[in-house]
Amino acid sequence: MIEDELTHWFKDEKDVTHKSSLRLEMDPPQVHNGYPKDGIITVRILNGVGSIGFKLSPDEALRMGTHLLQLAKEQLQKKRRLWNERDDNYRDAKEKG
């Protein structure tokens, strides 16, 4: 079952438009031979050539998701610092005349 999909449109050096997608798919947990089994989370990358899927256990997906969240927070914090530096420099230049 498809849970979410991020689509990215871009143009190559010849100005031709292409589409790439990152899709999250999930197969729910099931009972197999009387025992509960983990579901599978698939991260699929699609482009004009084909697609490839990475099947992850819930533990692996949680580890990747946690790491991705941490990286995103760091990137946002760095961008925030750059904006603050830019604003400080602009303010200083304006005060000097």
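Scroll up a little and you will see the structure.
Figured I'd write up the structure that's included with this text.

Quick look at the environment of Gln70
Here comes step 1: Structurally, the position occupied by Gln70 is in helix α1 (residues 58-96).
Here comes step 2: Placed 19 residues apart in sequence, Gln70 and Ser51 show a C-alpha to C-alpha distance of 27 Å.

Thoughts on unusual backbone geometry
Here comes step 1: Backbone geometry at Asp15 places phi at a positive 65 degrees, although glycine is not the residue there.
Here comes step 2: Counting through the fold element by element, Asp15 comes out in the loop between β1 (2-11) and β2 (17-27).
Here comes step 3: Look at Asn33: it is not a glycine, yet its phi comes out positive at around 55 degrees.
Here comes step 4: By secondary structure assignment, the location of Asn33 is in the loop between β3 (30-32) and β4 (35-37).
Here comes step 5: You can call Asn33 exposed: its relative accessible area is 65%.

Thoughts on the pairing of β2
Here comes step 1: For β1 and β2, the ladder comprises 9 bridges, and the chain directions are antiparallel. When the bridges of β2 are listed, Glu5 appears paired with Arg23.
Here comes step 2: Hairpin connection of β1 to β2: 5 residues between the antiparallel strands, including Asp15 at a positive phi of 65 degrees.
Here comes step 3: The pairing of β2 with strand β5 (residues 40-46) spans 7 bridges and is classified as antiparallel.

About the cut-offs
Residues numbered from 1 in each chain as written. Predicted model: local features only at pLDDT ≥ 70, side-chain atom pairs only at ≥ 80, totals over all residues. Heavy atoms only, no water. Helix = DSSP H or I, 4+ residues; strand = E, 2+ residues; numbered from the N terminus. Buried < 20%, exposed > 50% of the residue type's maximum accessible area, 1.4 Å probe, protein only. Pairing = 2+ DSSP bridges.

Shape descriptors only; they carry no functional weight alone.
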